[in-house]
Structure formats: C-alpha cells, structure tokens
Amino acid sequence: MTLTLHRARVVLPVDAPPIADGAVLVDGDTIAAVGTHDALSAAVRDRPDVERLEWDGVLTPGLVNAHTHLQYTDMAEVGRGRYDGFESWMNAFMELYPLPRDWAASAAEGARLAIASGTTAVAEIVTDIDAAAVVHEAGLHGVAYWEVLGWTDAAWAVDGRSTVVEQLRVLPTPPDAGLSPHAIYSLDTGVLRDLAGLAAELGVRQHIHAAESAWEDAYVRSGTGDLANRWRTLGRGDFALLRDGGAGHGVIPYLDSVGALTPQTHLAHVIYVDAEDRRMLRERGVSVALCPRSNAVIGLAPPPIGHYLREGNRIAVGTDSLSSSPSLNVLDDVAALYSLARQQGYAEPDLHERLFAAATLGGATALGLSDATVPTGSIRAGSRADLAVFPVDARTPADALAELVEHGSPRSLATIIAGRRHRPDTPDAQTETAHVAR
Ligand SMILES: [Zn+2]
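Residues numbered from 1 in each chain as written. Predicted model: local features only at pLDDT ≥ 70, side-chain atom pairs only at ≥ 80, totals over all residues. Heavy atoms only, no water.

Identification of the protein chain as Amidohydrolase family protein from Microbacterium hatanonis is taken from an unreviewed UniProt entry.

Helices and strands together make up the secondary structure of the protein chain, namely 17 helices and 16 strands. Computed over the C-alpha atoms, the radius of gyration of the protein chain is 22 Å, within 12% of the 22 Å expected from 2.2 N^0.38 for a compact globule of 438 residues. For the protein chain, the spread of C-alpha atoms along the three principal axes comes to 75 × 45 × 40 Å. Taken over 438 residues, the protein chain has a buried fraction of 57%. Of the charged side chains in the protein chain, 35 are positive and 56 negative, and the gap between their average positions amounts to 3 Å. (Helix = DSSP H or I, 4+ residues; strand = E, 2+ residues; numbered from the N terminus. Rg over C-alpha atoms; globule rule 2.2 N^0.38 Å. Buried < 20%, exposed > 50% of the residue type's maximum accessible area, 1.4 Å probe, protein only. Lys, Arg positive; Asp, Glu negative; His and termini not counted. Charge placed at Lys NZ, Arg CZ, Asp CG, Glu CD.)

This paragraph deals with the pairing of strand β3 (residues 30–36). Across six bridges, strand β2 (residues 19–27) lies against β3 in antiparallel orientation. Looking at the pairing, Val26 lines up with Ile31 of β3. Between β2 and the antiparallel strand that follows it, β3, lie two residues; Gly28 among them carries a positive phi value of about 65°. (Pairing = 2+ DSSP bridges.)

What follows covers the environment of Gly345. Note on placement: Gly345 falls in the loop between α15 (330–343) and α16 (351–366). For Gly345 and Gly306, which are 39 residues apart along the polypeptide, the C-alpha to C-alpha distance reads 6.8 Å.

The next point concerns the pattern of salt bridges. Two side chains bearing opposite charge may form a pair once their charged atoms approach each other closely. Under the criterion given, the structure shown has 24 salt bridges. Here Arg279 makes a salt bridge to Glu276, at a shortest N to O gap of 2.4 Å. Remark: Glu276 and Arg279 occur in helix α12 (residues 275–284); sequence separation between them is three residues, near one turn of the helix. Residue classification places Glu276 among the partly exposed residues on the basis of a relative accessible area of 42%. (Salt bridge = Lys/Arg side-chain N within 4 Å of Asp/Glu carboxyl O.)

Our focus in this paragraph is the packing of helix α8 (residues 215–222) against helix α9 (residues 226–233). For any two helices packed against each other, the geometry comes down to the angle between their axes and how far apart the axes lie. For the pair α8 and α9, interaxial distance at closest approach is 7 Å and the crossing angle is 70°. When the interaxial angle is binned, α8 and α9 end up roughly perpendicular. Residue-level contacts link Trp215, Glu216 and Tyr219 of α8 to Asp226, Leu227, Ala228, Arg230 and Trp231 of α9. Split into classes, the residues belonging to the contact of α8 with α9 amount to five nonpolar, no polar and three charged. (Axes fitted to C-alpha atoms, helices over the stretch in contact; angles between N-to-C directions. Parallel < 35°, antiparallel > 145°, perpendicular 65-115°, else oblique. Contact = heavy atoms within 4.5 Å. Nonpolar A, V, L, I, M, F, W, Y, C, P; charged D, E, K, R; others polar.)

Before going further, it helps to spend a moment on the coordination of the zinc ion. Distances from the zinc ion to its protein donors, namely His67 (NE2), His69 (NE2) and His209 (NE2), fall within the range 2.1 to 2.2 Å. Between the donor residues of the zinc ion, the gaps in sequence give the motif H-x1-H-x139-H. Placement of the pair is His69 in the loop between β5 (63–68) and α2 (76–79) and His209 in strand β9 (residues 206–210), with a sequence separation of 140 residues. When sorted by exposure, His69 lands in the same class as His209, which is buried. (Donors = N, O, S within 2.8 Å, 3.2 Å for Na, K, Ca; no water.)

For the structure on display, the rule yields 11 aromatic pairs. Between Phe86 and Trp89, the ring centres sit 5.5 Å apart and the planes meet at 50°, which makes this aromatic pair tilted. You can see Phe86 and its partner Trp89 sitting in helix α3 (residues 86–96), three residues apart, about one turn around the helix. In this structure, Phe86 and Trp89 share a single accessibility class: buried. The interplanar angle of 85° and the centroid separation of 5.2 Å between the aromatic rings of Trp151 and Trp156 together place this pair among those described as edge-to-face. (Phe/Tyr/Trp six-rings, centres within 6.5 Å; stacked < 30°, edge-to-face > 60°.)

In this fold, His37 is placed in helix α1 (residues 37–43). Accessibility expressed as a relative area gives 11% for His37, which makes it buried. In this view, His37 contacts Leu5, Arg7, Asp21, Gly22 and Ala23; residues no more than four positions away in its chain are not counted.

We now examine unusual backbone geometry. Note that the residue after Thr173, namely Pro174, is joined by a cis bond; omega there is -15°. Residue Pro174 is joined to Pro175 through a cis peptide bond whose omega torsion reads 10°. The residue Pro175 is located in the loop between α6 (153–170) and β8 (176–181) in this model. Positive phi, normally seen in glycine, also occurs at Asp21, with a value near 45°. The topology assignment puts Asp21 in strand β2. With relative accessibility at 32%, the residue Asp21 sits in the partly exposed group. Of note in the backbone geometry, Asp320 takes a positive phi value of approximately 60° without being a glycine. Asp320 gets classed as buried once you look at its relative accessible area, which sits at 6%.

To continue, consider the pairing of strand β11 (residues 287–290). Burial along β11 is two-sided: Ser287 and Ala289 and Val288 and Leu290, pointing in opposite directions, are all buried. The pairing of strand β10 (residues 265–269) with β11 spans three bridges and is classified as parallel. Paired with His266 across the strands is Ser287, a residue of β11. As for the winding sense of the linkage, the β-α-β connection from β10 through α12 to β11 is right-handed. For β11 and strand β12 (residues 315–317), the ladder comprises three bridges, and the chain directions are parallel. Counterpart to Leu290 in the pairing with β12 is Val317. (Right-handed = clockwise from strand over helix to strand, strands pointing away.)

The following block contains the structure:
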C-alpha cells in the first residue's frame, strides 16, 4: 500500500488558502493531491488500497528549523540560565563545552525532540565530527553545515582549504552538506572570502551567525570594542580586521565585500541591522533565521521582526540550541515573534499567516529546499510529503492558524517525513497514532 489519505479538521497548505475539513493524498514519499476531504475522498472512491487516516487537529507542512545545533542538546543547563550579553553567555558555554560528552547521543536526542515538535527539516550546524551523522540518521531533511572557525589567513594559506574539503567529505548524505563559517569575528577576512568561493565551487550552501551581538559592529567597523579587546588579549590580534583597524563599514556590507551574501547563503539572528542592511539582504536574496528566544536568554536585543515584515525580507525561524533556548520547538519561537511583532507596532491582519509561512516555506527557502526537484515547505501536489499534525481546539481555519501562531503546540500528533509517519511520544518514533477510518 503506498497511497494514504490524511483527513484533518483544517489543512494549512501555506502557499494556498486554508481548507476546512481538508485532506492530503500521499503517494509514497510525495504529495499526490490536496483539497477538501469530500473531493479527495471521491477521487479515490474506487481504490480499496488507500489507507485512510483521520486526524483531530490541523495538518500543515512540516516545520523547518532554520538554525539549530542539535549536538548541544545535552548542554541545556547553560540554556536554563539568564545572561546579560553574549560575553557572559559564552563564558558559561565554554565552561561546559570542553568536558567529555557523547555528542552523537546528544544530537540524536535533539533530533528526537525536533521531530516530536513537528519539525521535518533542519539547518543543523555540526561542530564536532561525532555529531556529524545526526540529520542523516534521524531521516530529517535539510542541510548539515560543517562549522568552520578559528582560522587566520596565515594558517588557512597552509592547509585550510584542503582540511575543510576533507571534513565536508566525511559528512554522511543525505542531507546535503553545507559550510558554516561560524562568524565574522572567528574567521579572518581572507578565509571568509575563500570559503564563499569554495562554497560556490562545490555548489554547497552557507549559513553564518551574523549581527548577533552589539559587539560585532564596532569589531568590524573599527576593530575596537569589548570583543576586539578580548581577542587581542587572547592573542588573536592578527586577524586583518584587528590589525588594520576595521573595515570601515558594518557587518552586512562586510559580508557582502567578501562575497558571502548570495541566495545560497542564509544568516542566523541578524538583530543589529539598519534599513540599509536589510535592503542589501533583500537585494542579495539572503534569508535570515530569527531565533528570538535564544536572543532573550543571552540578553541580546530582540530581532527587528516588525521591520523585516514591513520591508519584505525573506525570514525563517530557528530555535538555536538548547544551550541558549528553552526548547527545540519552532512554534515556540513563532509565538515569541508574534508578540514582538505586535510590540514593534506591526498591526497588519496577515501576521499569523506570514509567521507560519516563515516557519515552513520561509525555512525551506532559506535552505534551498523550496525550489528543489521535489520541493518541500508547503502542501501542494508534487511536493515532498513532509507534514505535521497539531492538536488545536479551534474549529475554523482562521482560528486554528491563530492558535498555532500565538500559542504553539507542545508536540505534534504526528510528524510525517517523506511520507513516513513518526509517532512523537516514543523514542524510536516509527508509527502513527491516527484514528484509521475504514
Ligand atoms: Zn547558533
């Protein structure tokens, strides 16, 4: 049996209007049709081989976590603290990070939590090779970004490129491998430029932490400030930005000057930006993965979601890791973005719709999955059957969407990845919990 008809009180296709008493017909790993239950049920009336499932909830595209580090799931102790800025958070993180730890198990637990909350694709940053197989082994979609940090131009010139190419080769596929130049302050200028070139040569995507702390701006602009001083104290004063007194402009134009801003790159956080920066990001087709709860834990400013929405930037949503966030549930960050957008004066009636799109199709776009041969990110015929079902009390499509966006859902009723149903409440997550209609 390969055909499954999923019926739900509400279906939210994301790139098409919501459907009350909707259904999605899945053929193997692909969506064959979406419509009202009446229409789809009639279409398969003469097919006794169709499995029919009825969900008491809302059926949506799977969530896309556009910025996470599943490997740090075991470091939730750090994320339970509250910090007054990036420096104090980093100190707490670095106290625990060097301790021996089973990174593979930590990452696997992160994947389990992500799937349990309705996530079907992730932008996973892999820092330690022991955690490299997590996305592959969990069967999630997305990109595993190999994190590159700590290289000076001089060290890079010796064997940087060959080292990174070798490391990329070790990442098991699928998913696609990508490059994550960690941040502008942890890599020298020439290294960032060469990584952008390498990514283009290899045809891989890039994902970079950017404009996350107020430190970064002074660091890039003039090679000054707390971050610059700290690096000099630690003996890293030979980075070009520190040696030459900065680049003379801010983070976003700097990334542009090294060729990093392309539609194949998406940035994480992107809090400390002005209108001109946001315009440049739009012009370059660069998505931003917003992680408001992580920003709050670390003690940073909230992301300018109101501006992003009003100006029309490409936005996606990420949880970051449990080392700076209370959960790996993307909908919890969507709820935080909803509150922030209203606080920042965004009063348009499309807020629910746009934030839910950011957490699904927006994430898929950021990861290059929305225009893949078999796309994901929305519910339409021909797309990958990456779906999630959430329990909601609301009866109408508009109320169901509002409930999901404003309050989230602690877990999904089912998470369906490439047509395969995962039951969130069991660790090995293999079968469904739907009422099977005969
Ligand atoms: Zn991060």
